[in-house]
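# Working through the structure, step by step
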Amino acid sequence: MADVVKEVLAANKKYAKDFGDKGKLAMPPARRFAILTCMDARLDPAQYAGLAEGDAHVIRNAGGRASDDAIRSLVISYKLLGTREWFVIHHTDCGMETFTDDIMRGLLAKSLETSKIGKGGWKDVGKGPGSTEGDYIDWLTIGNNAKSVVADVARIRNHPLVPKNIPIYGYIYDVKTGKLVEVKEATKVGKAGKKP
Ligand SMILES: [Zn+2]
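Cut-offs used in this document
Residues numbered from 1 in each chain as written. Predicted model: local features only at pLDDT ≥ 70, side-chain atom pairs only at ≥ 80, totals over all residues. Heavy atoms only, no water. Salt bridge = Lys/Arg side-chain N within 4 Å of Asp/Glu carboxyl O. Helix = DSSP H or I, 4+ residues; strand = E, 2+ residues; numbered from the N terminus. Polar contact = N/O pair within 3.5 Å; in protein donor to acceptor, adjacent residues only side chain to side chain. Contact = heavy atoms within 4.5 Å. Donors = N, O, S within 2.8 Å, 3.2 Å for Na, K, Ca; no water. Buried < 20%, exposed > 50% of the residue type's maximum accessible area, 1.4 Å probe, protein only. 1 Å grid on protein atoms, 1.4 Å probe; cavity = no way out; pocket = protein on both sides within 12 Å on 5 of 7 lines; lining within 4 Å. Points joined across faces, edges and corners; volume = space filled by probe spheres on them. Nonpolar A, V, L, I, M, F, W, Y, C, P; charged D, E, K, R; others polar. Patch = residues over 30% accessible without salt bridge, like charges linked within 9 Å, V, L, I, M, F, W, Y side chains within 5 Å. Areas by Shrake-Rupley, 256 points an atom, 1.4 Å probe, with all protein chains shown as cover. Core = buried A, V, L, I, M, F, W, Y, C linked by side-chain atoms within 4.5 Å.

Side-chain pairs of opposite charge can arise where the charged atoms are in close proximity. Per the counting criterion, the structure on display carries nine salt bridges. Where D55 meets R31, a salt bridge forms, and the shortest distance between an N and an O atom there is 3.2 Å. Linking D55 in the loop between α2 (45-48) and β2 (57-61) with R31 in the loop between α1 (2-17) and β1 (33-38), this pair joins segments that are 24 residues apart in sequence. With a shortest N-O distance of 2.8 Å, D93 and R42 are connected by a salt bridge. Placement of D93 in the loop between β3 (85-91) and α4 (101-110) and of R42 in the loop between β1 and α2 is noted, with a sequence separation of 51 residues between them.

Next up on the list: the side chain of D152. Here D152 lies in helix α5 (residues 145-157). There is a polar contact of 3.0 Å between the side chain of D152 and the backbone nitrogen of A66. Those residues within four positions of D152 in sequence are excluded, and the remaining contacts are G64, R65, A66, V88 and H90.

Further remarks concern the coordination of the zinc ion. Looking at the metal site, the zinc ion is ligated by C38 (SG), H91 (NE2) and C94 (SG), spaced 2.0 to 2.3 Å from it. Between consecutive donors of the zinc ion, the numbers of intervening residues give the motif C-x52-H-x2-C. The pair formed by H91 and C94 is uniform in burial state, with each residue classed as buried.

Turning to the layout of surface pockets, a few remarks are in order. A volume near 520 Å³ is recorded for the largest pocket. Taken together, 27 residues make up the lining of the largest pocket; nearest its centre are M39, A62, M96, F99 and M104. Taken together, the residues of the lining of the largest pocket break down into 14 nonpolar, nine polar and four charged.

Its place among the elements puts K194 in the segment after α6 (184-189). Among the residues examined, K194 registers a relative accessible area of 86% and is labelled exposed.

This part covers a nonpolar patch on the surface. Residues V4, V5, V8 and L9 make up a contiguous nonpolar surface patch of roughly 350 Å² in combined accessible area. According to the relative accessible area criterion, V4 is partly exposed, its value standing at 44%.

Our next topic: the nonpolar core. Counting 21 residues, the largest nonpolar core has L36, W86 and I156 as its most contacted members. Where this core is concerned, the elements lending two or more residues are β1, α3 (68-79), β3, α5 and β6 (168-173). No other element matches α3, which puts five residues into this core. In this view, I156 contacts L36, A66, I71, L74, W86, V88, V162 and I168; residues no more than four positions away in its chain are not counted. The next biggest cluster of nonpolar side chains, apart from the first, holds 14 residues, and it includes F33, C38, L51 and Y173.

These results come straight from atomic positions and should not be treated as a statement about function.
See the structure below:
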């Protein structure tokens, strides 16, 4: 762990040295859009969507799901910081496709240590004790990628705090090719109306 801290601080030192004019950037995203995407370590929204510092909001969570907290961030993104277009981007081979609420709750009830995945699915190998607190969390797992994108775009589109004139686009990032593939049904559901 100490090694990771050292590596991060060394990288930051280098980054800050070449920071240039970035200290002058304005808080509102210059390109006026936001991306909601998965926290998966293989995804780098700055790279896959061509973002520089100051360009856009990137909201990340497990799955890139339209959770209450993701919606909180999106609402702040337009209401206070002026974004005008939103993307929901899930991806192939997402970890959220590998379990259900029941599986996650069962694993956590056994122990809090890292579980293992094998041919038979997830298995808890920790010593325990675990906790049943997981029973009270909706883990927002994914059964089907395209469907989860459509569902999340629809939830955001129909949210009472989201104005109708913000277009919401749905995409799946392919971890094998780096390509963004449009989920046409999601973009259709997320189409903007004329009035806010
Ligand atoms: Zn993922």
